[in-house]
Amino acid sequence: VYKRQEYGNKLNVGQTVVFAMSKLAKIGDQAWNGNTEKINAELFILTYGALVSQALKEHESVADVNAFLEQTGYNIGLRLVDEFLARSGIGRCGDWKETADVIAKVGFKMFLGVSAQVVGFDSEKKEFSLVLDDNPLTEFVELPDDAGELIYCNVLCGVLRGALEMVQMSVECTYVRCTLRGDDASEIKIVLKEILADSIPAGED
Amino acid sequence: PEMIRSVSIIAENNSPLYTRSYSEDGVQVDNDTQMLYITHAALDIVEERAAGTAAGTDMYLGLLYPTDSFQVFGYLTNTKVKFVVVTDDADVKDAEVKGLFRRMHALFADALCNPFYKRGEPLHSRRFEHAVSKLVSAF
């Protein structure tokens, strides 16, 4: 237990952020270790792999598959976010930076068992990237040579988009780097497009 | 030291999934016809042994047959995938070969988890390749 009051004045902003980060990391760990029921990793990987293979068989182009995976993720994200908020007890994020940290340290940790790192945070452009050293979805996966522009993990981009939309943020997520393509880590870039005002749901006057 | 001369994985229908041969110095050899022949001959013995052992639930088949300068070991999974290993005629401990097979089986299972790999097709996984080379050189 650290006495924030005591140290608060002596530290500069950077170090205060470190405290906040480790608190989030702790919440993430607790959510993963304590509350979450686990399933076998191979089952998870095979299930997702089967989803991607089936999508490849059913869609004409790789671009269609990417869009399908993103849309699938979006639908998951819409629902997942409430699970996240209920389990983690995380309240409103104070700013965009906090949103980034919460996603990286708590969100990813709770659902994938690995935390991501926030890099390239730009408060002007309202963007940041999440870097994953270890992506459980891609374990054992090797892209064939004819994979083309397939973004195997595009579902994650969709999940983030859907989840953030439910907390009134419209974002654009793109998969920038992928270990399956030979990069040393996987990276998802998130750009905030706009804060959604409480809009009337479609279909009602 | 005992040297592995060849490792092969053969599918249920006897089509080859993976095969690698090595020279005495452990260097990879392509199209080692002698090894291919020995492995192929071993398949018949594997089928014999498989039919024979009624109660035998062990996947490890042991020494299949000794040639004048090599020893051939077999391993048959319940999914009828056959692993055949050829070694130099040296003091090769049964337990070591058994361990090798078990590890190869595990690596094969990992390779199967790749959603882009279709069962029955030849295995082209780079990761599998790498892992098997390590296993062979460490033997």
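Residues numbered from 1 in each chain as written. Chains lettered and ligands numbered in written order. Predicted model: local features only at pLDDT ≥ 70, side-chain atom pairs only at ≥ 80, totals over all residues. Heavy atoms only, no water.

(A) How the structure looks around the sheet that holds strand S5 (residues 70-76) of chain B. Residue and element names in this part refer to chain B. If you walk across this open sheet you meet the six strands as S3-S2-S1-S6-S5-S4, and the pairing is antiparallel. The sheet terminates laterally at strand S3 (28-29) and strand S4 (60-66), the two strands that pair on one side only. For S5 and strand S6 (residues 82-88), the ladder comprises seven bridges, and the chain directions are antiparallel. Directly across from Phe-70, in S6, lies its bridge partner Asp-88. Where helix H3 (residues 126-137) meets the sheet, its contacts fall on strand S1 (4-10), strand S2 (16-22) and S3, and the angle it forms with S2 comes to roughly 40°. (Pairing = 2+ DSSP bridges. Helix = DSSP H or I, 4+ residues; strand = E, 2+ residues; numbered from the N terminus. Contact = heavy atoms within 4.5 Å. Axes fitted to C-alpha atoms, helices over the stretch in contact; angles between N-to-C directions.)

(B) Region of interest: the environment of Thr-77 of chain B. All names here are of chain B. Within the fold, Thr-77 resides in the loop between S5 and S6. The sequence separation of Thr-77 and Ala-109 amounts to 32 residues, and the corresponding C-alpha distance is 11 Å. Not counting the four nearest positions on each side in its chain, Thr-77 is found in contact with Met-59, Phe-83 and His-105.

(C) Fine view of the pattern of salt bridges. All names here are of chain A. Taken as a whole, this structure holds 14 salt bridges over all chains when the rule is applied. Between Glu-70 and Arg-161 there is a salt bridge, and its shortest N-O distance comes to 2.8 Å. Separated by 91 residues along the polypeptide, Glu-70 in helix H4 (residues 62-88) and Arg-161 in helix H6 (residues 154-166) bring together distant segments of the chain. Residue classification places Glu-70 among the buried residues on the basis of a relative accessible area of 14%. Among the residues examined, Arg-161 registers a relative accessible area of 21% and is labelled partly exposed. (Salt bridge = Lys/Arg side-chain N within 4 Å of Asp/Glu carboxyl O. Buried < 20%, exposed > 50% of the residue type's maximum accessible area, 1.4 Å probe, protein only.)

(D) Region of interest: the side chain of Ser-88 of chain A. Residue and element names in this part refer to chain A. Here Ser-88 shows up in helix H4. Among the polar contacts made by the side chain of Ser-88, one reaches the main-chain carbonyl oxygen of Phe-84 at a distance of 2.7 Å. Every residue in contact with Ser-88, bar those within four places of it in the chain, is listed here: Ile-27, Val-106 and Met-110. (Polar contact = N/O pair within 3.5 Å; in protein donor to acceptor, adjacent residues only side chain to side chain.)

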